[in-house]
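Here's the letter readout for the chains.
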Amino acid sequence: MGKSKIICIVMSILLAMCQLTPVRAGSLRGPGQPSIQDVQKSLASQLAANVSSKRMAELENSLRVTFAALPKQNGELLGHQAVRYMLHRQMLQRHGWFLVGLEPNDVAPPPYLNGEWVTSFLQGLLEQRLGGRGIDLHELTALAAALEDIVHKETAQRLETTYQLLQFPITAELDAAEADQVIMTFAMLYLEGNFSHNAMDLPVLQTYYSQDYADWREVGNWFREMEMRYLKSSSGSVTKYRMPALLKVVDEIGKHFGEFNDRECKNLKDMFYQMEDKRMVGRVSLSEFYKKGLHSHWNFNEKADYLRQLGALDESDPTMPRVIGPNYLGARTNCLESSSLYAVCCRNECEDLMLHLEGAIAAPTAEAERIAQLISALPSDSVAAPRELPTALFGRLQDIAAQNGGMVPLHGRLFAQWMHHAYPRECPFPHPVGTVSPLTPNEWMREAGQEDAKASAEEMQTQVASDTCSGTGPCSEARDLPWSSTEELFVSQGTPVHDHKEEQEGGWTAFNVAMLLLAAALFVTGQWPHARELPAALALLEEAAGASKRRADLQKCATVAGLAAAAAGFGILDPSAFGLAACLGIVAFTAPRLLAQVKTKNDKSWA
């Protein structure tokens, strides 16, 4: 191979790394989100936290029941998907937070350091530090605490923004009226999910909420209740308030807003089921859904295509599409997009039922008879207990056990489907993985190329007019809920914890291969014993550097670079860090020499 080709190969690899590095480092952080350093510090501090602290103890206890019931490998360790599943459930039930990056049915490999979302990055960071061995209960608790800590940091940034909008110095001592102004302004921006307003927008925003926002009186009263509870009541006789005191209030608003939102969810659920199709429990015909949207203040107006994408549309009867109650009520269309990290959504009532089962069974699987006994005695908001399970429903449970070696997996699609049949108004219908997606209206519009996620009045009227059922005849007959025999385990029962890591090691990327080839070339270069036998690439670089540069120095640099390249190739060294260091090294090596050449040319021209 010629000298020029060797130089070109080495430089091409390094330049490719330079181009990749910004993408890896920058794709993680969106506007207003914490930095990579913030995420790393949060995880490190929570891993080092005292397990006996009140907060960590409470968090660990809230995770313990489900942790015990999930399938594990290597003793008491959870794999990647199990951790995602638990964190999603925990945050939704604890705070009403639908965390971005922990969407259900998301089975993509972990993105680790080049992930798009903070949550995926955080989990990948911990898994890398643990070498892919799995995560125990304490580490899972630290992960959940770190997520809460990152949300706290975002809240602190947003409070500073609120101070700036109101032109208060962040070090100011505020009186009661000023503190109330800050908190209520923060509350309005929180409901907007937009802290990018300028000061001139505030009067318009205040007018909208005080005059046009239908529920402002109720939600405003709740915000002031939080203010009284966490600011004035805890401050005693203090009449001046600094930012840390106000941060406590707005932090608790974020943690507890899901409780207030539950009231709104209850009202939505009650209204939805007033329209329930008597022929199929837990569902509302699309025509009745739109009819209510046309003739009331309720916004039942999502396009059928969007409902289908959300997994909220039952088309098992092609002539009568129906909206699935639990799937619709918990969908992103009914969430408050109040943070860059999470949306506030309606709690999944089925999770309360699952938590009861997990506590009673304390294992990943159970006999059909044991589950039937527990469910018969377990009431819900719409199902009375004790009750006798229908023969067909118990038969389905036995079929699931037969399909899974005689035991029913609690965390599989078939059992989730069975729970939907047992509690059709509380438990969502589980669609096969990859067939639905929890997109926000804006995300769906971008993906589908639509201008609006809401159906037009004409589209809604057309659907209403197409409903020819009069309540009598064949269309008035009761129909069974749909059933699919496809099994999918949300949390794998038999895949080892190291599967993902092994898959990565087994299927090397071009980057891995390139780094190892580069490492081999540099090792040969750095360890060559005689100066006269120096490889062509190093000779050319040495010539460009100047005859006064000692070969020994270049050999040492090549050896260090070879070690770093090998580490990057094997995944020991973060490729982003290696790429950045390589780029800086190239700049440091070439810049002085280019400047020297320019200076020499200038000197000659002057001469």
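Residues numbered from 1 in each chain as written. Predicted model: local features only at pLDDT ≥ 70, side-chain atom pairs only at ≥ 80, totals over all residues. Heavy atoms only, no water.

Concerning the packing of aromatic side chains
Going by this rule: Side-chain rings of Phe, Tyr and Trp (the six-membered ring for Trp) are treated as a pair once their centres are within 6.5 Å; stacked means planes under 30 degrees apart, edge-to-face means over 60, and tilted covers the remaining angles. To qualify as a helix, a DSSP run of H or I must reach at least 4 residues; to qualify as a strand, a run of E must reach at least 2; elements of each kind are numbered from the N terminus. Accessible area is worked out with a 1.4 Å probe on protein chains only. A residue is then buried under 20% of its type maximum, exposed over 50%, and partly exposed in between. Criterion for a charge above a ring: Lys NZ or Arg CZ within 6 Å of the ring centre, and within 35 degrees of the ring normal.
This structure, assessed with the given rule, holds 26 aromatic pairs. For the ring pair Y190 and F257, a centre distance of 5.6 Å and an interplane angle of 75 degrees mean the geometry is edge-to-face. With Y190 in helix α7 (residues 176-192) and F257 in helix α10 (residues 243-274), this pair connects stretches of sequence that are 67 residues apart. You can call F257 buried: its relative accessible area is 3%. Judged by centre distance (5.6 Å) and plane angle (40 degrees), the rings of F257 and F260 are tilted. With F257 and F260 both in helix α10 and 3 residues apart, the pair spans about one turn of that helix. Neither residue differs from the other here; F257 and F260 are each classed as buried. Joined through ring pairs, the aromatic side chains of F186, Y190, F195, Y208, Y209, Y213, W216, W222, F223, F257 and F260 make up one cluster. Here the guanidinium or amino end of K72 rests over the ring plane of F67, the centre of that ring lying 5.0 Å away.

Some points on the packing of helix α5 (residues 118-129) against helix α6 (residues 137-165)
Using the following cut-off: Interaxial angles span 0 to 180 degrees and are taken between N-to-C directions of axes, which are lines fitted to C-alpha atoms, for helices over the stretch in contact. Here is the rule for handedness: rotate from the far helix to the near one, and if that takes an anticlockwise turn smaller than a right angle the crossing is left-handed, while a clockwise turn gives right-handed. We call two residues contacting when some pair of their heavy atoms lies within 4.5 Å.
At their nearest, the axes of α5 and α6 sit 11 Å apart, and the two run at 145 degrees to each other. Our pair here, α5 against α6, has a crossing hand that is right-handed. Here α5 contributes V118, T119, L122, Q123 and L126 to the contact with α6, which in turn contributes E139, L143, A146, L147 and I150.

Remarks on the pattern of salt bridges
Spelled out, the test is: Criterion for a salt bridge: a side-chain nitrogen of Lys or Arg within 4 Å of a carboxyl oxygen of Asp or Glu.
A full pass over the atoms with the stated rule returns 27 salt bridges. A salt bridge links K248 to E252, with the nearest nitrogen and oxygen atoms 3.0 Å apart. With a gap of 4 residues between them, K248 and E252 both fall in helix α10, about one helical turn apart. Accessibility expressed as a relative area gives 41% for K248, which makes it partly exposed. Assessed through its relative accessible area of 8%, E252 is described here as buried. Between E337 and R332 there is a salt bridge whose closest N-O contact spans 2.9 Å. With relative accessibility at 5%, the residue R332 sits in the buried group. Linked through salt bridges whose partners overlap, the residues forming this network are D277, R279, D317, R322 and R479.

Let's talk about the state of the cysteines
Applicable threshold: Disulfides are defined in this document as cysteine sulfur pairs within 2.5 Å.
The final tally for this structure, using the stated rule, is 3 disulfides. The residue that forms a disulfide with C265 is C346, at a sulfur-sulfur distance of 2.0 Å. Across the S-S bond linking C265 and C346, the dihedral sits near -95 degrees, which makes this disulfide left-handed. Taken together, the residues span a long stretch of sequence, with C265 in helix α10 and C346 in the loop between β5 (342-344) and α14 (349-361) at a distance of 81 residues. On the basis of relative accessible area, C346 is assigned to the buried category, the value being 7%. Disulfide pairing is shown between C350 and C427; the S-S distance is 2.0 Å. Since a negative S-S torsion denotes a left-handed disulfide, the C350-C427 link at about 85 degrees is right-handed. Of the two residues, C350 is situated in helix α14 and C427 in the loop between α17 (413-422) and α18 (441-448); the sequence distance between them amounts to 77 residues. Accessibility classification places C350 together with C427 in one group, the buried group.

Some details on the nonpolar core
To be explicit about the condition: Here, nonpolar core means buried Ala, Val, Leu, Ile, Met, Phe, Trp, Tyr and Cys residues that are tied together by side-chain atoms lying within 4.5 Å of each other.
With 75 residues, the main nonpolar core has L140, L159, F223, L246 and F257 as its most contacted residues. Examining the composition of this core, we find that 12 residues originate from one element, α6, more than from any other. When residues no more than four places from it in sequence are discounted, the contact partners of L140 are L63, F67, L78, V83, M86, L87 and I135. Counting 27 residues, the second largest nonpolar core, distinct from the first, contains A372, I375, L393 and A422.

With respect to the side chain of N261
Within the secondary structure, N261 is located in helix α10. Judged by relative accessible area, N261 falls into the buried class, the value being 10%.

Focus: helix α2 (residues 36-47)
Put simply, the test is: Multiplying 1.5 Å by the residue count of a helix minus one yields the expected span of that helix. It is the directions from the helix axis to the C-beta atoms that the arc portrays.
Taking 1.5 Å per residue, 12 residues should reach 16 Å; α2 reaches 17 Å between its end C-alpha atoms and fits that length. Inspection of α2 places I36, D38, V39, S42, L43 and Q46 among the buried residues, and these make up the whole buried set. End-on view of α2: buried residues confined to an arc of 165 degrees, all on one side of the axis.

Here we look at the sheet that holds strand β4 (residues 322-324)
So the rule is basically this: For two strands to count as paired, DSSP must find a minimum of two bridges between them.
Ordered in space as β2-β4-β3, the 3 strands form an open sheet in which the pairing is antiparallel. Each of the sheet's edge strands pairs with one partner strand only, and the pair in question is β2 (283-285) and β3 (313-314). As paired elements, β3 and β4 share 2 bridges and run antiparallel to each other. Bridging from a neighbouring strand, L313 pairs with V323 of β4.

Looking at the environment of L159
Within the secondary structure, L159 is located in helix α6. Each C-alpha atom of the pair L159 and P244 lies 10.0 Å from the other, and the pair is 85 residues apart in sequence. Sequence-distant contacts of L159, that is, excluding residues within four places in its chain, are made with V182, F186, M243, L246, L247 and V250.

Description of the confidence of the model for the protein
When pLDDT drops low, the exact placement of atoms in the prediction is not to be read closely. Threshold: pLDDT is a per-residue confidence score from the predictor, ranging from 0 to 100.
Predicted confidence across the protein gives a mean pLDDT of 80, with 71% of residues reaching 70 or more. Here helix α20 (residues 499-506) is the element of the protein with the lowest mean pLDDT, 37, and helix α15 (residues 368-376) is the one with the highest, 98. Considering only residues more than four positions removed or in separate chains, one finds that residues 107-116, a stretch of pLDDT under 50, has 26 contacts. Low pLDDT (under 50) marks residues 494-509, which in the prediction has 23 contacts with non-local residues, meaning those over four places away or in another chain.

A short note on the side chain of E139
Structurally, E139 is set in helix α6. In this structure E139 touches L47, L126, L130, R133 and G134, once residues within four positions along its chain are discounted.

A few points about the environment of A362
Mapped onto the elements, A362 comes out in the loop between α14 and β6 (365-366). For A362 and R64, which are 298 residues apart along the polypeptide, the C-alpha to C-alpha distance reads 9.9 Å. Apart from residues no more than four positions distant in its own chain, A362 is found in contact with A68, A69 and L357.

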